[in-house]
Amino acid sequence: MTEFTPTDRTKVRRKPDRGKYDWDTIYAILDQAFVCHVGFIADGMPIVVPTNYVRVGDKLFLHGSTASRLMKTLGSGAPFCLSVTLLDGIVFSPTATGHSVNYRSVVVMGKAEPIEDPAAKLAAMRDFVEYVLRGRWATVRPPTDQELKGTMVLAVPLVEASAKVRVGFAVDSDEEYASGAWTGVLPFKWTPGEPLRDPRGNQSVPVPENIQRYTRPQ
Ligand SMILES: Cc1cc2nc3c(=O)[nH]c(=O)nc-3n(C[C@H](O)[C@H](O)[C@H](O)COP(=O)(O)OP(=O)(O)OC[C@H]3O[C@@H](n4cnc5c(N)ncnc54)[C@H](O)[C@@H]3O)c2cc1C
């Protein structure tokens, strides 16, 4: 198998030609980012909360304080939906309604499983750090037992997932292009700025090469 089977819930109906289900596309989007927005029902109300994730094989891991509503709700087995979006450009069209954005986005639906085994939890915490910056784990203090106890780690099996990808220019008819407005795409790239040294840090440590030249995916 190299792709997710679209289900009733994950089949892209609006602009279905933009829908993708193959692992390569979906994993590439997930691995570029590390922030998702999780939608779930809490106290009868829908809520969407941004949080970090890491993808390890066919799973996403989420982590957070054991006191967090997000973690408690998902940890109880409540169904949820999460999405990840990469903005690639603004699409300027000759018409007001033809404006759009180029993007790559993923929607995942499912239920999470709490990771209880301390060794597996520690391994997931390592994955979190390494996913953001490869090689970082070896340079920092690992979590204490107390810190691990206060952290909930959830595994989300990637089973129901879809991607939607928009590329290219506006799709207005040729007649619309007679207007005087500039049309085209303004590309957007997510690039890191200059590292800022923490004044409380060890001033003799040079900025590591992998931070100076940070790229994603790691
Ligand atoms: C940055 C960005 C900006 C957007 N702006 C707009 C906007 O202004 N107006 C607008 O109508 N739409 C916009 N979209 C598209 C929007 O995400 C939906 O695809 C669209 O609104 C259709 O929604 P629907 O519920 O009818 O989709 P349906 O096609 O009915 O959704 C069915 C299933 O398809 C999958 N799916 C749908 N959309 C996505 C997606 N984006 N990524 C991954 N899987 C998906 C999900 O699994 C979903 O459950 C934007 C998308 C992005 C990423």
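Data block above holds the structure.
This structure is a prediction, so every number in the text was calculated from the model and none was measured. (Residues numbered from 1 in each chain as written. Predicted model: local features only at pLDDT ≥ 70, side-chain atom pairs only at ≥ 80, totals over all residues. Heavy atoms only, no water.)

## Looking at helix α3 (residues 118-132)
Every α-helical turn comprises 3.6 residues, leaving residues that sit three or four positions apart pointing alike.
Then, number 1: With 15 residues, α3 should cover 21 Å at 1.5 Å per step; its first-to-last C-alpha distance of 22 Å lies within 8% of that length.
Then, number 2: Here α3 has its buried residues at Lys-121, Ala-124, Met-125, Phe-128, Glu-130 and Tyr-131.
Then, number 3: Packing partners of the buried residues in α3 comprise α1 (23-32), β3 (45-52), β4 (54-56), β5 (59-65), α4 (145-149) and β9 (151-157). (Helix = DSSP H or I, 4+ residues; strand = E, 2+ residues; numbered from the N terminus. Expected span 1.5 Å × (residues − 1). Buried < 20%, exposed > 50% of the residue type's maximum accessible area, 1.4 Å probe, protein only. Contact = heavy atoms within 4.5 Å.)

## Points about the packing of aromatic side chains
Then, number 1: Within this structure, the stated rule accounts for six aromatic pairs.
Then, number 2: Judged by centre distance (6.1 Å) and plane angle (55°), the rings of Tyr-53 and Tyr-131 are tilted. Here Tyr-53 is found in the loop between β3 and β4, whereas its partner Tyr-131 is found in helix α3, with 78 residues between them in sequence. In terms of burial, Tyr-53 and Tyr-131 fall into one category: buried.
Then, number 3: One aromatic cluster is present, built from ring pairs that chain together Phe-4, Trp-23 and Tyr-27.
Then, number 4: Between Arg-55 and the ring centre of Tyr-27, over which it is positioned, the NZ or CZ distance is 3.9 Å.
Then, number 5: Lying over the aromatic face of Tyr-131, Arg-216 brings its terminal NZ or CZ to 5.0 Å of the ring centre. (Phe/Tyr/Trp six-rings, centres within 6.5 Å; stacked < 30°, edge-to-face > 60°. Lys NZ or Arg CZ within 6 Å of the ring centre and 35° of its normal.)

## What to know about the nonpolar core
Then, number 1: Core analysis: the largest hydrophobic core is formed by 44 residues, its most contacted members being Leu-30, Tyr-53 and Leu-74.
Then, number 2: With five residues, the single largest contributor to this core is β9.
Then, number 3: Ignoring anything within four residues of it in the chain, the contact list for Leu-30 reads Tyr-53, Arg-55, Leu-60, Val-84, Val-106, Tyr-131 and Leu-158. (Core = buried A, V, L, I, M, F, W, Y, C linked by side-chain atoms within 4.5 Å.)

## Looking at the site of the ligand
Then, number 1: Taken together, 16 residues sit near the ligand, with Arg-9, Arg-13, Arg-14, Ser-105 and Lys-164 positioned nearest.
Then, number 2: For the ligand, an oxygen atom lies 3.4 Å from a polar atom in the backbone of Lys-11.
Then, number 3: Between Ser-162 and the ligand, the recorded distance is 2.9 Å, taken from a side-chain N or O atom to a nitrogen atom.
Then, number 4: In the complex, 55% of the free accessible area of the ligand, which totals 860 Å², lies under the protein chains.
Then, number 5: Looking at the shell around the ligand, the element that brings in the most residues is strand β7 (residues 100-110), giving six residues.
Then, number 6: For the shell around the ligand, the per-class residue count stands at seven nonpolar, four polar and five charged. (Near = heavy atom within 4 Å. Polar contact = N/O pair within 3.5 Å; in protein donor to acceptor, adjacent residues only side chain to side chain. Areas by Shrake-Rupley, 256 points an atom, 1.4 Å probe, with all protein chains shown as cover. Nonpolar A, V, L, I, M, F, W, Y, C, P; charged D, E, K, R; others polar.)

Everything listed here is a matter of geometry and, on its own, says nothing about what the molecule does.
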